[in-house]
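Okay, here's what each chain looks like letter by letter:
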Amino acid sequence: MQESAPSATDRQQKLAAFYERADPHGLSPLWLALARLVPAQPESPARASIWRYDEVRPFLIEASSLIGTEEAERRVLMLENAGMPGEAKITRSLYAGLQIIQPGEYARRHRHTAAALRFVMEGTGGWTSVDGERTYMEPGDFVVTPSWTWHEHGNEGSGPVVWMDGLDVHIVNLLDAGFRQDQSEHAAPAERTTGASNSTFGMNMLPVGCDRNRATSPLFNYPYAKAREALHGLTRDTADDPHFGFRLRYANPVNGDWAIATIATWMQLLPKGFKTQNYRSTDGTVFVVAEGAGRSIVGGQSIDWTKGDIFVVPSWSMASHEASEEAVLFGASDRVVQEKLGLWREHRQIPIDEHLAYS
Ligand code: 1HN
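Residues numbered from 1 in each chain as written. Predicted model: local features only at pLDDT ≥ 70, side-chain atom pairs only at ≥ 80, totals over all residues. Heavy atoms only, no water.

Q: Residue-level account of the layout of surface pockets, with values.
A: When its volume is computed, the largest pocket comes out at roughly 900 Å³. Of all elements in the fold, only α5 (169-174) and α8 (335-340) reach the threshold of two or more residues within the lining of the largest pocket. Looking at the lining of the largest pocket element by element, the count peaks at 3 residues for α5. Among the residues making up the lining of the largest pocket, the classes are represented as 11 nonpolar, 9 polar and 7 charged. (1 Å grid on protein atoms, 1.4 Å probe; cavity = no way out; pocket = protein on both sides within 12 Å on 5 of 7 lines; lining within 4 Å. Points joined across faces, edges and corners; volume = space filled by probe spheres on them. Helix = DSSP H or I, 4+ residues; strand = E, 2+ residues; numbered from the N terminus. Nonpolar A, V, L, I, M, F, W, Y, C, P; charged D, E, K, R; others polar.)

Q: Give a description of helix α3 (residues 53-66) that names residues and reports values.
A: Across its 14 residues, α3 extends 20 Å between first and last C-alpha, which sits within 8% of the 20 Å expected from 1.5 Å per residue. Within α3 the residues assigned to the buried category are Tyr53, Val56, Leu60, Ala63 and Ser64. All buried residues of α3 fall inside an arc of 105 degrees around its axis, so they share one side. Opposite the buried face of α3, by more than 90 degrees, sit the exposed residues Asp54, Glu55, Phe59, Ser65 and Leu66. (Expected span 1.5 Å × (residues − 1). Buried < 20%, exposed > 50% of the residue type's maximum accessible area, 1.4 Å probe, protein only. Arc of directions from axis to C-beta.)

Q: Now, about the site of the ligand: what can you tell me, with residues and values included?
A: As a structural note, the neighbourhood of the ligand is formed by Arg74, Tyr95, Gln99, His110, His112, Arg118, His151, His153, Asp165 and Leu167. Between the ligand and Arg118 there is a distance of 3.0 Å, counted from an oxygen atom to a side-chain nitrogen or oxygen. In isolation the ligand offers 330 Å² of accessible surface; the protein chains occlude 83% of this area. Grouping the constituent residues of the shell around the ligand by class yields 2 nonpolar, 5 polar and 3 charged. (Near = heavy atom within 4 Å. Polar contact = N/O pair within 3.5 Å; in protein donor to acceptor, adjacent residues only side chain to side chain. Areas by Shrake-Rupley, 256 points an atom, 1.4 Å probe, with all protein chains shown as cover.)

Q: Account for empty space enclosed by the protein, with residues named and values stated.
A: Taken as a whole, this structure holds 2 cavities of 30 Å³ or more when the rule is applied. Volume-wise, the largest cavity comes out at about 210 Å³. Lining the largest cavity are 21 residues, with Phe244, Tyr279, Ser281, Thr285 and Phe287 sitting closest to its centre. The residue inventory of the lining of the largest cavity, partitioned by class, reads 8 nonpolar, 9 polar and 4 charged. Each pocket or cavity is described by its volume, and for the second largest cavity that value is around 40 Å³. If you list the elements that add at least two residues to the lining of the second largest cavity, you get β3 (95-101) and β10 (161-167). Per-class residue counts for the lining of the second largest cavity are 9 nonpolar, 1 polar and no charged.

Q: Got a sec to walk through the sheet that holds β3? Specific residues and values, please.
A: Here we have 6 strands laid out as an open sheet, ordered β2-β3-β10-β5-β8-β12, and antiparallel in their pairing. Edge positions in the sheet fall to β2 (76-78) and β12 (221-222), since each of these pairs with one other strand and no more. Where strand β8 (residues 142-145) lies against β12, 2 bridges are found, and the strand directions are antiparallel. Counted as the bridge partner of Phe142 is Tyr222 from β12. Most of the contacts of α3 go to β3, to which it runs at about 55 degrees, and overall it touches β2, β3, β5 (116-122) and β10. (Pairing = 2+ DSSP bridges. Contact = heavy atoms within 4.5 Å. Axes fitted to C-alpha atoms, helices over the stretch in contact; angles between N-to-C directions.)

Q: How would you explain the pattern of salt bridges if you had to name every residue and give the values?
A: Summed over all chains, the structure comprises 18 salt bridges. A salt bridge links Arg108 to Glu70; the shortest N-O distance between them is 3.9 Å. Here Arg108, found in strand β4 (residues 106-112), pairs with Glu70, found in helix α4 (residues 69-72); they are 38 residues apart in sequence, far enough to count as distant. Its relative accessible area of 61% is what places Glu70 among the exposed residues. Of the charged contacts in the structure, one is a salt bridge between Asp165 and Arg118, with a shortest N-O distance of 2.5 Å. A residue pair is termed long-range when its members are at least 10 positions apart, and Asp165 in strand β10 and Arg118 in strand β5 qualify at 47 residues. Classification of Asp165 as buried rests on a relative accessible area of 2%. Judged by relative accessible area, which is 3%, Arg118 ranks as buried. The network of salt bridges with common partners includes Glu70, Glu73, Arg108, Arg180 and Asp182. (Salt bridge = Lys/Arg side-chain N within 4 Å of Asp/Glu carboxyl O.)

Printed below as a string of C-alpha cells:
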C-alpha cells in the first residue's frame, strides 16, 4: 500500500518542529529571513525628522543647571531618530548630539577610536584641543577630532557655547573596534601652539615629504568665514547645480580625500528662491542650517527650517530643498565609507522636459 503525501498542515508542523530543534544548534533558516536581509532597495528605519534649535536650546540650558561637566564628562543631549528609539542614532550609521559648555566649564580629556566632528551652533570663546593643540571656535566652524586623539573642551567666553557632535561610533561598534582611554591613567600629550595645524597645513602648502596616507585631515578647524567665502566665490563664477545649488566638501589637504576617514562633510549654499531638483542617495544625511531659512520635501513630507535647526534625510529618501532666504546648509553622512566599499549610489531626478531634450 502506498503512503499518501504529507498534507500541508503536516508539513507546517514538521517545519515548526524542525526550526525549534535547529535553534539550540545556532541554526536558523535563511528562507524566512532572505527578503528582510536583502531588500530590493534601501529600507532605512530612520525617519525624516527635524530638531528646531528654538525648542531644543532651553533643554540644554536646563541641563546645565542640573548637571555639571565634571559629573557628566560630556554634557550632551543626544539627537535620537524616532525610527530607532533608544539606539543613540540620528541616521542608521551616525550618532549626533548637542553639547553645551558654560563659561568657565571644562570637559576633561579622553580619547577613543571613534572619530568626531563638531559643528558650532552658538557662542564664542569655546575651545577644543586635539593632541595638545587648542583651537577656539566660532559659530559655523567645522571642527574634527580624529580617531584616537586626546581631546578636551572649555569655554573662556561669557555665554554658553553649543555645538553639534557627530560621531562614527556606530560604525566602529559594528566592527567591534571600539577602545577608549581616560586621561587620568595616561600622560598628557605635549602642549602645542594654538593654530599650529592651520599654519602648517592650511596655507596651500605641505611639509615636503609629509605622509599623504593620513586617513584624517591634519587640519582640525575649518572656519565658517572661509567656507562662506568659498561658497560665495562659486556663486559668482560657476553655474549652479540643479540638485545642490552650490556645494563644496571639506577636504583633507594631504590627499584631497574627505576631511574625516568615516564621515563625509560638506557645505551647500542655496540662493534666495532656489529650489533643488529631486535627489536621493544611499547615504542618510544630517543637515544643519548654518544660515537662512527654507523648507525641504523629504519622502513627500514638508519640513520648514531656519538657522540652527538640524534635520535628517534618510537613505534613499527623495528630497528637494528650497530657500526662502539665502541659506547655507552643513551636511554630514557616511558617504565616505560607502564610497570606499563601492556601495554609494545616487539618483538625480531631472525635470521631464530636460529629460526629453536628451533622449
Ligand atoms: C565624545 O567623546 C564627545 O568628546 C561627545 O565631546 C560626544 C558621544 C559618544 C561617544 C563619545 C566629546 C560623544 C563622545
